[in-house]
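Fold and contact review
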Amino acid sequence: MKSENRLVGVGVLSALSASLCCITPVLALLAGTSGLATAFSWLDPFRPYLVGLTVLILGFAWFRVLNPASASGKCELDCSCETQTKIPFIQTHLFLGLVTLTAILLLTFPDYGHVFFPKSETPISISESSFTKIIEFKIEGMTCSGCEAPIKNEIFRQSGVQLATVSYLDGNAVITYDSTHTDSERLASAISKIGYTVTGKKEIK
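For the rest of this paragraph, the subject is the pairing of strand β3 (residues 172–178). Most of β3 sits inside the fold, with six of its seven residues counted as buried. Two elements, strand β1 (residues 132–140) and β3, share seven bridges in a ladder whose sense is antiparallel. Across the sheet, residue I135 finds its bridge partner in β3, namely I175. With six bridges joining them, strand β2 (residues 161–167) and β3 adopt antiparallel strand pairing. Its bridge partner lying in β3, T165 is registered against V174. Following β2, the chain reverses through four residues before pairing antiparallel with β3; G171 in that reversal takes a positive phi of roughly 65 degrees.

Structure follows, in structure tokens:
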């Protein structure tokens, strides 16, 4: 059983590792340390392998627990089956079920992680003028939709920002701002400060 418990532990660890690149931005934002948002982004290329490893390990664990042939073989070798003592909780189906549920929640975190982000600031009303500028930044380092909120939050902290949209799928941020209060260099610097890389910019207006 010790080897099986270790196997289950490895399964949970691989599930956590597969999700760290998406969980870290949430924790960083909630803790007010946005600079740590990309600390585990290097794990993103390995995510498919870690997800596969988690599924294989937990699948094997359930096979060992539910396989009737394995259970009967154990009973034949152990003459004390008729007078079994109470099974430790860590060896029960309930424990393995809770571990599996935890792994599923970790692996699917990118799909619901946005609910943990505080709402971004309400955009201020946009008054069209010669000072109103719109710029698009191309951004590298976003590993899932969970990376959008820290970037958007940092952008809205800059004076003069009127509107901002950030897209993980498009790898960009489109910002409307008042050029009398800020400029593209300051906005790019704000994005870079929290660990993401601005690879290009395009002035739309």
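Note on placement: E136 falls in strand β1. On the basis of relative accessibility, which here comes to 15%, the residue E136 falls in the buried class. For E136, the side chain forms a polar contact with the side chain of N172, separated by 2.9 Å. If sequence neighbours within four positions are ignored, E136 has contacts with N172, A173, V174, G200, K201, K202 and I204.

What counts, and at which threshold
- Residue numbers here run from 1 along each chain, matching the order of that chain's written sequence.
- Local features in a predicted model are, by the rule used here, given only for residues with pLDDT of at least 70; side-chain atom pairs are given and counted only at 80 or more, and totals for whole chains, interfaces and linings are based on all residues.
- Excluded from the side-chain calculations are hydrogens and water; all other atoms, namely the structure's heavy atoms, are used.
- Think of it in three bands: residues with accessible area under 20% of the maximum for their type are buried, residues over 50% are exposed, and the middle band is partly exposed, with areas taken using a 1.4 Å probe on protein chains only.
- Numbering of helices and strands starts at the N terminus; helices are DSSP runs of H or I of at least 4 residues and strands are runs of E of at least 2.
- Strands pair, by our definition, only if DSSP identifies at least two bridges between them.
- By the criterion applied in these results, polar contacts are pairs of N or O atoms within 3.5 Å in which, for protein atoms, one can donate a hydrogen and the other can accept it, and in which residues neighboring in sequence qualify only through two side-chain atoms.
- Every residue pair with non-hydrogen atoms within 4.5 Å of one another is taken to be in contact.

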